[in-house]
Amino acid sequence: MKSWITTTDHKRIGLLYFWTAFAFFLIGGLEALVIRAQLARPEGVGVSAEVFNQMFTMHGTTMVFLALMPLTASLFNFIIPLQIGARDVAFPRLNAFSYWVFVLGGVFLNASFFVGPLFGTGALSVAPDAGWFGYANLTSRQYSPGPNIDFWVLGVQILGVASLAAGFNFIVTILNMRAPGMRMLRVPVFTWMTLVTQFIVITAFPVITVALVLLMFDRFFGTHFFVPAGGGDPILWQHLFWMFGHPEVYILILPAMGIVSEVLPTFSRKPLFGYIVVVYSGILIGFLGWGVWSHHMFAVGLGPIADSVFAGTTMLIAIPTGVKIFNWIATLWGGQLRFTTAMLFALGFIAMFIIGGLSGVTHASPPADLQQTDTYYVVAHIHYVLFGGTMLGLFAGFYYWWPKMTGRLLSETLGRWHFWLSLIGMNLAFFPMHFSGLLGMPRRIYTYPDELGVTSMNLVSTIGAFLIGVATLVFFWNLFRHRRALAPGAGPSDPWGGATLEWAVPSPPPVYNFSVMPVVEGRLPLWRTARHEPIAPLPATPPAPIHVPGGSWWPLITAAALPVMATGAVSRELWVVLLGVAVLIVGVYRWAYEPFEG
Amino acid sequence: MSEPVYFAAVPRLKWSLWLLPALACRGPFPQSTLDPRSDFSAAIDGLFTNIFWWALFVFVVVESLLVYAIIRYRARPGAPEPKPLHGHTALEIGWTLAPALILVFIAVPTIRTIFATAGHAPPSALRVEVIGHQWWWEFRYPSLGITTANELHLPVHTPIQLDLSSADIIHSFWVPRLGGKRDLTPGHVTRIAFRSDSAGEYLGQCAEFCGVSHANMRLRVFVQPEAEFQAWVAGQQPASGPAAAGGDARVPEGRQEFVRNGCIACHTIAELPQARGVLGPNLSRVGSRTTIAGGLFANTADNLRRWIHNAPAVKPGALMPPSLLPDSELDALVAYLQSLK
Amino acid sequence: MSTHAGSMGLDSRKMAFWAFIGSECLLFASLISTYLVYKGKSLNGPYPHEILNIPFTSFSTFDLLMSSLAMVLALSAIQRGDMRQGKRWLFVTALLGLIFLGGQVWEFNHFAHQGLGLTTNLFGSTFYVLTGTHGAHVTVGVTWLLTLWVQALRGKLGPAQAMTVEIAGLYWHFVDVVWIVIFTVVYLIQ
Ligand code: HEA
Ligand code: HEA
Ligand code: CUA
Ligand SMILES: [Cu+2]
């Protein structure tokens, strides 16, 4: 127990990320099921308007910040040091810090469901209720007087710290910790896409940080950054939020694209087609992602010139994305495809992401978007890219790397059930939303009249959502029940025949990862290629003892300072805030002067 | 926006109509974006149709390639190791340029439509100010001296200019069959312009999340032939006073209750000089409306009674306080409000 | 592990710090943009031209510039192993930082007396949040420098820790450069 709490081992942190994020995924999914149950019928019977508004706000916030980002972080942690031939990340304690900030921030945010009585609001839950992009000036103290939005502002702020810390860590890890011979253009695509993702993280999160600080000042100190009565402009919030929010969606998709770029070659027995193009298009997507934020604001009335410019830049992103898709298909072309569960999910990713991408292109046309924005058509788009894209990609990654992470194979039979139920469920759930949206159903409504004619589509969506729930339970079952160990010691540590370095070490890897540092000569170190032989198997035990740094308490303690400060702020207790500050200062100093090699 | 819709050549598809039976839907869809009744919504529909076909084309091509590769190259026992292809420059260039070309075909009509639908109506247009409130709509016709709520009356075939603003937070005005939505932002005035091509009743609702009762912020547009519209305008004039229609004996009593119970703090009634409040809808002609409370309830005596008794109980979060009046007083109030036709 | 030069031939901590500074640039860019967006949008006074004291702030700016110079001297002394000079210049850097902070405290106080509070108008809000964020950065920097100075007094800082000082210096120069930008945007271009 203690060794897990104080751990700085990237592999353990990876697993911690996985289980925590998966728990949050279940919570976010449960919230989605409440939404779907409510909308199965017209005239909103079920939960109240207030609860419904909390549900979609927390669903969006949870899925984005507490489920999908940390699930990608789980794989970054576990896989990247292995893929580049490193013993750990560059800053193991900072890594533990990121994890703890994320968990505690998530707990803080979700605590809002239960602490209503402490604020005398008469309801149990004071969860945030202004949508995942918290548009000003609905979020101003005047229109949201309760603590709900305070939880959101402070919670998201804390989560931003976790992402930023991890961002610096992984950038340095990838750039600076590569094994000898692992030149940048030999780095596996998953690691590459992570690098791009982390650059987006460290540039996009400061913007939301500022937006949240300004909103916090408005709410706590009475400034008027977003309050029209004081001359402020709520549209500034929209700019700041989407300058972060759009890059954020690429933060969510690029890692999944990286995963798919690893899984397809392995199960096609062919190297990735157009490696360099896939890498560069990822970089290009990252760059272009910065210039498109106003496509979320076509209904604001920014004027025809701004709308045209943002329409153009948005459409451009379809090109590098399309290039990736064509390269993936070319990777399959002429291969020997093995339809393992990981491969099925990767193929499902491509098939579904195309649909989401194409509806994105219909959004990119401002006049067309004037009919689509804030309707279920957008909800369809985001779930095709987020569930059909990121989630299916992540499942591919977990089926692919689970043996590496735990030394145990997941059941392929249950995996196939999981895949097909997910695929059918998601199409039942999200495809009809294109229609309900185009037929006039706005998003974020807890009730709709039967008169709209979208009742049966909503019922189908609900059935699909519950099917995804069943699929997720199958996955859950698979994680727990099916523990077929890889033949220990005997066969290779590599059940799939992968080409990249993580498959050169035992499964699960020893604490030091590599018994000796591998020397890399090509992009596919474990495969025989025209130019070079696979690298020689590493010795089973290290020739000389390898010193591995022990754990540390200070990341956890320092991380705990943040929710303490936030608790002080929501409850207006200055001394609690100061307590948090004191913990922070002590934590940082002890951390800095702790004897720790790593 | 009077230029001819240049993409009229694209066949107007009602693809929803052949895809939807599968979902066992009945029409009609009163809020459909695919059934345009104005130049604005028709322009969008044409553009969307155009993009839709391109998207369908890309979808079919790319998914077919994918499915073909999956079937054709599945592993077969004893097959030779695949050839390790690392890339192909000509192919890369090809599949960069092809999407770029398609995007040009999407971008050009897009930009034309952006400028054509930018919201500028000819000077002769009928101007209506639309003001969003939590959770109802205020409509003012400055040239006609009319203020009303939740139900917008417009003449058919006439250019309309809507000036959109907000009294509190951001809302979004959306009547799909008449055009795309546009936000109402406090501190800004935004515009929509259109000309409806057929008379009828069109549903709409607020499309930007605006708090508890966002789902209940609906509206109705009555597009009427010129004569009908003029009749409505005449009936809305403040001068004419309350019609003695039916001559309900409780009307004078209701008028007193309206003053006594503080309704006047928030509501304006033209014929009642004390009633000049502006927080709630103008009730001068509330009896002539078909619905109340953001288009949520039919304007019947029962609904009025329940509304006035306890508005937040029937519409979550409604900013009109419960009056909890006894039935007799409610009846009088209802009779009075219904007389305001 | 992390203190050794890695595959890019750079110290990992230094590299992380460069990434951090890149990130901070976006932070200040967002704040400065907010300031610029709201420039001239205040509904009531005091307005910038009525209140900003350019000569005084020029002095603060000069003070901060000098502290950067002191930082350079401190680092080079420590790299040479000349801890006597190193200690001195570290202290001078921190002291100049403190003087800057003192100036800022005085300035905020002075403005408050002239009627410019945090919530008075958009100028007040954007001004205090922008310069306050910068001030918080200077505070962290001064604390860091003083910590290093104390370590040096206790003989725990030597040429072997030059990288730590170099990174602190990097941060200090960055904070300094940001101030030049703020000074230009807020004070000089009114
Ligand atoms: C994983 C996340 C993700 C991804 C990858 C994308 C990808 C894209 N998104 Fe999406 N988007 C979201 C997540 C994502 N989006 C979310 C969460 C929201 C809503 C936020 C909210 O309001 O709550 C949103 C909203 C959103 C809007 C605003 C809608 C509105 O609110 O009105 C727009 C508008 O332009 C848009 C466009 C696009 C485009 C053009 C892409 C492109 O990157 C897609 C590119 C891909 C393809 C086009 C398919 C493959 C390409 C080919 C096969 C080549 C050939 C293609 C052509 C020639 C067209 N998105
Ligand atoms: C980021 C990723 C992500 C993911 C993965 C999902 C997944 C899902 N989403 Fe989500 N969604 C968003 C991001 C995401 N969503 C965002 C950003 C919004 C906008 C929010 C806003 O407007 O502010 C949104 C909004 C949104 C809406 C619109 C709400 C509204 O506008 O009113 C709907 C409605 O159907 C919906 C449905 C679903 C469903 C059915 C799933 C399913 O895929 C979920 C499947 C998962 C499960 C069903 C979990 C399984 C759990 C169990 C079976 C229970 C077991 C429980 C325990 C043991 C505890 N989502
Ligand atoms: Cu008004 Cu939603
Ligand atoms: Cu976007």
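Let us look at the environment of Leu 439 of chain A. Relative to the assigned elements, Leu 439 of chain A resides in the loop between α13 (412-438) and α14 (455-481). Measuring from C-alpha to C-alpha, the distance between Leu 439 of chain A and Ser 3 of chain A comes to 56 Å, with 436 residues separating the pair along the chain.

With that settled, consider the sheet that holds strand β9 (residues 200-205) of chain B. Residue and element names in this part refer to chain B. An order of β4-β10-β9 is seen for the 3 strands of this open sheet, with the pairing classed as mixed. Bordering the open sheet on either side are β4 (151-155) and β9, each of which pairs with just one other strand. For this sheet, the mean inter-axis angle between neighbouring strands, taken without regard to orientation, is 25°. Taken together, the 5 bridges between β4 and strand β10 (residues 218-224) define a ladder with parallel strand orientation. By the bridge assignment for β10, Pro 155 is matched with Gln 224.

Close to ligand 1 lie 34 residues, the nearest being Trp 132, Tyr 250, Asp 369, Thr 373 and His 381 of chain A. Residue neighbours of ligand 1 fall on chains A and B, so the site bridges chains. Between ligand 1 and the protein, one listed contact pairs an oxygen atom with a side-chain N or O atom of Tyr 250 of chain A at 2.7 Å. At a separation of 2.9 Å, a nitrogen atom of ligand 1 approaches a polar side-chain atom of His 381 of chain A. Considering only residue class, the shell around ligand 1 consists of 21 nonpolar, 11 polar and 2 charged.

Turning our attention to the arrangement of the chains. No other pair of the 2 pairs of chains in contact has as many contacts as chains A and B. At no point do chain B and chain C touch; the closest pair of C-alpha atoms across them sits 12 Å apart.

As a further point, take the pattern of salt bridges. This model, assessed by the stated rule, comprises 22 salt bridges over all chains. Ionic pairing is found between Arg 305 of chain B and Asp 302 of chain B, a salt bridge with its closest N-O pair at 3.0 Å. Here Arg 305 of chain B pairs with Asp 302 of chain B, and both are found in helix α6 (residues 301-309), just 3 residues apart, close to one helical turn. One salt bridge in this structure joins Asp 82 of chain C and Arg 80 of chain C, with 3.5 Å as the shortest N-O distance. By relative accessible area, Asp 82 of chain C is classed as partly exposed at 26%. Residue Arg 80 of chain C is classed as exposed on the basis of its relative accessible area of 57%. One network of salt bridges, with partners in common, ties together Arg 127, Glu 129, Glu 138, Arg 140, Asp 163 and Arg 191 of chain B.

Our focus in this paragraph is the confidence of the model for chain B. Residue and element names in this part refer to chain B. Looking at chain B as a whole, the pLDDT averages 88, with 89% of positions reaching at least 70. Per-element confidence in chain B is highest for strand β6 (residues 171-173), whose mean pLDDT is 97, and lowest for helix α1 (residues 15-19), whose mean pLDDT is 47. This stretch, residues 1-18, has a pLDDT under 50; its non-local contacts, to residues over four places away or in other chains, come to 30 contacts. Segment residues 20-26 is flagged for pLDDT under 50; beyond a separation of four residues in sequence, or across chains, it makes 17 contacts in the model.

Attention now moves to the interface of chain A and chain B. Think of interface size as the accessible area that goes away when the parts come together; that is how it is often given. The partner chain B presents 91 residues to the 94 residues of chain A that form the contact. Summed over both partners, the interface of chain A with chain B buries about 7,500 Å², with 70% contributed by carbon and sulfur atoms. One can count 1 salt bridge joining chain A with chain B. Here Arg 269 of chain A ties to Glu 81 of chain B by a salt bridge, and the two come within 4.0 Å at their closest N and O atoms. Between the two partners, chain A and chain B, sit 18 residue pairs in polar contact (both at pLDDT 80 or more). Those elements giving two or more residues to the side of chain A that touches chain B turn out to be α3 (49-84), α7 (234-268), α8 (275-288), α9 (304-332), α10 (341-363), α11 (366-372), α13 and α14 of chain A.

This part covers the coordination of the iron atom of ligand 1. All names here are of chain A. For the iron atom of ligand 1, the protein contributes exactly one donor atom, His 381 (NE2), at 2.2 Å. Between the iron atom of ligand 1 and the copper ion (ligand 4), a spacing of 4.6 Å is present. By secondary structure assignment, the location of His 381 is in helix α12 (residues 376-406).

Let us look at the environment of Thr 406 of chain A. Residues and elements named next belong to chain A. Inspection of the secondary structure assignment puts Thr 406 in helix α12. On the accessibility criterion, Thr 406 (25% relative accessible area) is partly exposed. Taking the C-alpha atoms as reference points, Thr 406 and Leu 154, separated by 252 residues in sequence, lie 35 Å from one another. Side-chain polar atoms of Thr 406 contact the backbone nitrogen of Arg 408, separated by 3.1 Å.

Interaxial distance between α10 of chain A and helix α2 (residues 39-72) of chain B falls to 10 Å at its minimum, and their mutual angle equals 170°. Classified by the interaxial angle, the pair formed by α10 of chain A and α2 of chain B is roughly antiparallel. Along its contact with α10 of chain A, which presents Leu 347, Ile 350, Ala 351, Ile 354, Ile 355, Leu 358 and Thr 362 of chain A, the element α2 of chain B presents Phe 48, Ile 51, Ala 55, Val 58, Phe 59, Val 62, Glu 63, Leu 66 and Ile 70 of chain B. For the contact of α10 of chain A with α2 of chain B, the per-class residue count stands at 14 nonpolar, 1 polar and 1 charged.

Here we come to the site of ligand 2. All names here are of chain A. In the vicinity of ligand 2 there are 34 residues, among which Arg 36, His 59, Trp 132, His 383 and Arg 444 approach most closely. Between Trp 132 and ligand 2, the recorded distance is 2.8 Å, taken from a backbone N or O atom to an oxygen atom. Between Tyr 376 and ligand 2, the recorded distance is 3.5 Å, taken from a side-chain N or O atom to an oxygen atom. Looking at the shell around ligand 2, the elements that each hand over two or more residues are α2 (10-39), α3, α12, α13 and α14. With 8 residues, α2 is the largest single contributor of residues to the shell around ligand 2. A per-class count over the shell around ligand 2 returns 24 nonpolar, 7 polar and 3 charged.

A separate point is the interface of chain C and chain A. Listed per partner, the contact involves 31 residues of chain C and 34 residues of chain A. Both sides together, the interface formed by chain C and chain A hides about 2,900 Å², and carbon and sulfur atoms give 72% of it. Along the contact surface separating chain C from chain A lie 0 salt bridges. One can count 6 residue pairs in polar contact (both at pLDDT 80 or more) joining chain C with chain A. Tallying contributions element by element places helix α1 (residues 12-37) of chain C first for the side of chain C that touches chain A, with 12 residues. Taken together, the residues of the side of chain C that touches chain A break down into 15 nonpolar, 14 polar and 2 charged.

Residue and element names in this part refer to chain A. In the first shell of the iron atom of ligand 2, the protein supplies His 59 (NE2) and His 383 (NE2), at 1.9 to 2.0 Å from the metal. Here the iron atom of ligand 2 is ringed by 6 donor atoms whose angles at the metal span 88 to 179°, and the overall shape comes out octahedral. Taken together, the residues span a long stretch of sequence, with His 59 in helix α3 and His 383 in helix α12 at a distance of 324 residues. When its relative accessible area of 13% is taken as the criterion, His 59 is described as buried. By relative accessible area, His 383 is classed as buried at 16%.

So, on to the packing of aromatic side chains. Residues and elements named next belong to chain A. According to the stated counting rule, one finds 86 aromatic pairs over all chains in the structure shown. Consider the rings of Tyr 17 and Phe 102, whose centres lie 5.5 Å apart with planes at 15°: the pair is stacked. You can see Tyr 17 sitting in helix α2 and its partner Phe 102 sitting in helix α4 (residues 92-111), a full 85 residues away along the chain. For the residue pair Tyr 17 and Phe 102, the accessibility class agrees, reading buried in each case. Centroid distance Trp 293 to Phe 310: 5.0 Å. Interplanar angle 65°. Geometry classified as edge-to-face. Residue Trp 293 is found in the loop between α8 and α9, and its partner Phe 310 is found in helix α9; the two are separated by 17 residues along the sequence. For Trp 293, a relative accessible area of 18% gives the class buried.

Residue and element names in this part refer to chain B. By the criterion of burial, strand β5 (residues 160-166) is predominantly enclosed, with 6 of the 7 residues buried. The pairing of strand β1 (residues 126-133) with β5 spans 7 bridges and is classified as parallel. Among the inter-strand pairings, Glu 129 is bridged to a residue of β5, identified as Asp 163. Here 5 bridges tie β5 to strand β8 (residues 190-194), and the two strands are oriented antiparallel to one another. If you follow Leu 164 over to β8, its bridge partner there is Thr 190.

Here we come to the pairing of strand β3 (residues 146-149) of chain B. Residues and elements named next belong to chain B. One ladder, built from 4 bridges, connects strand β2 (residues 136-141) with β3; its direction is antiparallel. Considered in β3, the bridge of Phe 139 is made with Thr 148. In this structure, the hairpin formed by β2 and β3 is closed by a connection of 4 residues, where Gly 145 is found at a positive phi of approximately 65°.

The next thing to look at is unusual backbone geometry. Along the chain, Ala 136 of chain A connects to Asn 137 of chain A via a cis peptide bond; the corresponding omega equals -5°. Note on placement: Asn 137 of chain A falls in the loop between α4 and α5 (148-176). Here Gly 45 of chain C and Pro 46 of chain C are connected by a cis peptide whose omega angle stands at -10°. Relative to the elements of secondary structure, Pro 46 of chain C occurs in the loop between α1 and α2 (48-51). With a phi angle near 55°, Arg 269 of chain A is a residue other than glycine that sits in the positive phi range. Looking at Arg 269 of chain A, the relative accessible area reads 35%, which means it is partly exposed. At His 157 of chain B, a residue that is not glycine, the phi angle is positive and equals roughly 60°. Checked against the element boundaries, His 157 of chain B lands in the loop between β4 and β5.

Conventions adopted
Residues numbered from 1 in each chain as written. Chains lettered and ligands numbered in written order. Predicted model: local features only at pLDDT ≥ 70, side-chain atom pairs only at ≥ 80, totals over all residues. Heavy atoms only, no water. Helix = DSSP H or I, 4+ residues; strand = E, 2+ residues; numbered from the N terminus. Pairing = 2+ DSSP bridges. Axes fitted to C-alpha atoms, helices over the stretch in contact; angles between N-to-C directions. Near = heavy atom within 4 Å. Polar contact = N/O pair within 3.5 Å; in protein donor to acceptor, adjacent residues only side chain to side chain. Nonpolar A, V, L, I, M, F, W, Y, C, P; charged D, E, K, R; others polar. Contact = heavy atoms within 4.5 Å. Salt bridge = Lys/Arg side-chain N within 4 Å of Asp/Glu carboxyl O. Buried < 20%, exposed > 50% of the residue type's maximum accessible area, 1.4 Å probe, protein only. pLDDT = per-residue confidence, 0-100. Buried area = accessible area lost by both parts, 1.4 Å probe. Donors = N, O, S within 2.8 Å, 3.2 Å for Na, K, Ca; no water. Parallel < 35°, antiparallel > 145°, perpendicular 65-115°, else oblique. Tetrahedral: all angles 85-135°; square planar, octahedral: opposite > 155°, others 65-115°. Phe/Tyr/Trp six-rings, centres within 6.5 Å; stacked < 30°, edge-to-face > 60°.

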